[in-house]
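Survey of secondary and tertiary structure
Take a look at the letters that make up each chain.
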Amino acid sequence: MTRSVAMPAGGREGEGLGRPLQPGVDTSNGQILYLDDITVSFDGFRALNKLTLTIGVGELRCVIGPNGAGKTTMMDVITGKTRPDSGTAFFGQTLDLSRYREAEIAQLGIGRKFQKPTVFEAMTVGENLELALAGDKSVWASLRARLDGAQRDRIDALLVLIRLQDERRRLAGRLSHGQKQWLEIGMLLAQEPKLLLLDEPVAGMTDAETDKTAELLLSLRGKHSLMVVEHDMAFIASIAERVTVLAEGAVLAEGSLAQVQADERVAEVYLGR
Ligand SMILES: Nc1ncnc2c1ncn2[C@@H]1O[C@H](COP(=O)(O)OP(=O)(O)OP(=O)(O)O)[C@@H](O)[C@H]1O
Ligand SMILES: [Mg+2]
């Protein structure tokens, strides 16, 4: 395959597929996300209370914490869905997320997986991936356009990655719940996010699907930075490196899973549920 000579050093395969280049994210200090002193109040109730947290480039960070701790609200702040009352959120060293709208933040390279899968059920698995690869082109324009070789290779690779290579021509609506979740992860990956946020990705999955999801996320580590929120502790144990425990809108503890599990304050917040 011939590559454009204009491709910047460090340019990756998704570039040159007709999407605008993502503005550079400066991660020279090794961090992809920096939340500093973030507070979010709903009618006086502090869902986030001076939350400070950083994620390293290529890291797979697990975030746990009791119901209502502020985990989803934190993802809402990162993706621009909720604006903090105070504090700052930086993507890399230089991109102040408060200056971007929700759609722009997605374009910058922050992908988010919600709990409920949002695939196009009346289209095939392959078509869903084609649409995701096409980015903002209209649905019909992108489905009518013939895929070039690079795009076909990319879809083949994504299908293998998300374990749906045998389901390419199947309607997405016919997939199991777990398979739909993988398809949605594949659609997010088609857009080459630098940071991927996953809120309760294995909720509702069978044990076998949960194990495969763990393998999938482990295989993404290093290539993407990931933040995974989950209540399923067996799943967390199978993927955990560094674990952050949120409680009452702030970081209560951070470290290896063994370290945070040995922390008395962590045991207390879970007992107090
Ligand atoms: N839009 C909103 N308006 C009012 N209160 C909200 C809003 N969004 C979240 N909250 C409140 O903020 C707190 C934190 O909620 P959040 O959904 O972030 O918790 P969570 O850690 O994701 O919990 P869970 O584990 O149950 O998903 C909760 O008390 C919730 O009721
Ligand atoms: Mg939540």
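Given the structure is predicted, the values throughout are model-derived calculations rather than measurements.

Criteria and cut-off values
Residue numbers here run from 1 along each chain, matching the order of that chain's written sequence. Just so you know, chain letters begin at A and ligand numbers begin at 1, following the order they were written in. Thresholds applied to this predicted model are a pLDDT of at least 70 for local features of residues and 80 or more for the giving and counting of side-chain atom pairs; totals over whole chains, interfaces and linings are not thresholded and use all residues. Calculation of side-chain values draws on the structure's entire complement of heavy atoms; hydrogens and water are dropped beforehand. Segments assigned H or I by DSSP are reported as helices when at least four residues long, segments assigned E as strands when at least two residues long, and all are numbered from the N terminus. Per-residue accessibility, obtained with a 1.4 Å probe over protein chains only, is compared with the maximum for each type, and a residue is labelled buried under 20%, exposed over 50%, and partly exposed between these values. By definition in these notes, contact holds between two residues if any of their heavy atoms fall within 4.5 Å. Accessible surface area values rest on a Shrake-Rupley calculation with a 1.4 Å probe, where residue burial reflects the displayed protein chains alone. Working definition: residue near molecule or strand if any one of its non-hydrogen atoms lies within 4 Å of it. Polar contact is defined as a pair of N or O atoms within 3.5 Å, subject to the rule that within protein one atom must be able to donate a hydrogen and the other to accept it, and that residues adjacent in sequence are counted only when both atoms are side-chain atoms. Between any two strands, pairing holds if DSSP finds at least two bridges. For helices, the fitted axis covers only the stretch in contact; all axes are lines through C-alpha atoms, and the angles between them, taken along N-to-C directions, range from 0 to 180 degrees. Convention used here: angles under 35 degrees read as roughly parallel, angles over 145 as roughly antiparallel, angles from 65 to 115 as roughly perpendicular, and any remaining angle as oblique. With the far helix as reference, a near helix turned anticlockwise by less than a right angle produces a left-handed crossing, and one turned clockwise produces a right-handed crossing. How far a helix is expected to stretch is found by multiplying one less than its residue total by 1.5 Å. Regarding the arc, it is the one traced by the directions from the helix axis to the C-beta atoms. Values of pLDDT, which run from 0 to 100, indicate the predictor's confidence residue by residue. Within this scheme, the nonpolar core is defined by two criteria: the residues are buried Ala, Val, Leu, Ile, Met, Phe, Trp, Tyr or Cys, and they are joined through side-chain atoms within 4.5 Å. Throughout this description, the term salt bridge denotes a Lys or Arg side-chain nitrogen within 4 Å of a carboxyl oxygen of Asp or Glu.

For the rest of this paragraph, the subject is the overall build of the protein. In terms of regular secondary structure, the protein is built from ten helices and ten strands. In the protein, which comprises 273 residues, the proportion classed as buried is 48%. Counting contacts in the protein only where the partners sit at least 6 residues apart, residues at least 24 apart contribute 68% of the total. Summing over all exposed atoms, the protein offers an accessible surface of approximately 13400 Å²; the carbon and sulfur share of this is 50%.

Of note, aspartate 37 is a non-glycine position whose phi angle comes to about 60°, a positive value. Examined against the element boundaries, aspartate 37 turns out to sit in strand E1 (residues 31-42).

Within the element layout of this structure, threonine 244 appears in strand E9 (residues 243-247). The exposure class of threonine 244 is buried, given its relative accessible area of 0%. Once you skip the residues sitting within four places of it in the chain, threonine 244 turns out to touch Leu53, Arg61, Cys62, Val63, Ile64, Val251, Ala253 and Glu254.

Turning to the site of ligand 1, a few remarks are in order. Around ligand 1, a shell composed of 13 residues is seen, among which Asn67, Gly68, Lys71, Thr73 and His231 lie nearest. With respect to ligand 1, the side chain of lysine 71 contributes an N or O atom lying 2.7 Å from an oxygen atom. When ligand 1 sits alone it has 630 Å² of accessible area, and the protein chains cover 60% of it. Looking at the shell around ligand 1 element by element, the count peaks at three residues for helix H1 (residues 71-78).

A few words now on the sheet that holds strand E2 (residues 45-56). Within the open sheet, the four strands sit side by side as E2-E1-E4-E5. Their pairing is antiparallel. Every other strand in the sheet has two partners, leaving E2 and strand E5 (95-96) as the edge strands with one partner each. With eight bridges joining them, E1 and E2 adopt antiparallel strand pairing. Note on E2: the bridge partner recorded for serine 41 is arginine 46.

Okay, the packing of helix H3 (residues 125-134) against helix H6 (residues 177-190) next. Axis separation between H3 and H6 bottoms out at 8 Å; the angle between their running directions is 30°. Here H3 lies roughly parallel to H6, going by the angle between them. Between H3 and H6 lies a crossing of right-handed hand. Together, Val125, Asn128, Leu129, Ala132 and Leu133 of H3 and Leu183, Gly186, Met187 and Ala190 of H6 make up the contact between the two elements.

This part takes up helix H5 (residues 149-161). Helix length check: H5, at 13 residues, gives a terminal C-alpha distance of 18 Å against a target of 18 Å (1.5 Å per residue), a fit within 8%. Three or more residues of H5 are buried, namely Gln151, Arg154, Ile155, Leu158 and Leu159. Each buried residue of H5 sits inside an arc of 135° when the element is viewed along its axis, so together they form one side. Considering only its buried residues, H5 is in contact with H3 and H6. Trailing H5 by a residue or two, arginine 163 shows a phi angle of about 60°, which is positive.

Here we have six strands laid out as an open sheet, ordered E6-E7-E8-E3-E9-E10, and mixed in their pairing. The open sheet has two free edges, formed respectively by strand E6 (110-113) and strand E10 (250-255), since each of these has just one partner strand. On average, adjacent strands in this sheet sit at an angle of 20° to one another, irrespective of strand direction. Contacts from H1 reach strand E3 (60-64), E6, strand E7 (195-199), strand E8 (225-229) and E9 within the one sheet, and its direction differs from that of E7 by about 150°. Lying over the sheet, helix H7 (residues 207-220) contacts E3, E7 and E8, oriented at roughly 150° with respect to E8.

For the rest of this paragraph, the subject is the confidence of the model for the protein. Looking at the protein as a whole, its pLDDT mean stands at 88, while 87% of the residues score no less than 70. Scored below 50 in pLDDT, residues 1-21 shows 19 contacts in the model against residues more than four places distant or in partner chains.

Formed by 42 residues in total, the largest nonpolar core has its most connected members in Leu129, Leu164, Leu183, Leu217 and Ile239. Among the elements that line this core, the one with the most residues is H6, at seven residues. Contact partners of leucine 164, with chain neighbours within four places excluded, come to Val125, Leu159, Leu175, Gln179, Trp182 and Leu183. Of all hydrophobic cores here, the second largest spans 28 residues; its members include Ile55, Ile78, Leu108 and Leu195.

A separate point is the pattern of salt bridges. Within the structure shown, the criterion is met by twelve salt bridges. With a closest N to O distance of 3.3 Å, arginine 61 and glutamate 254 form a salt bridge. Here the residue arginine 61 occupies a position in strand E3, and glutamate 254 occupies one in strand E10, the gap between them amounting to 193 residues. The class for arginine 61 is buried, based on a relative accessible area of 2%.

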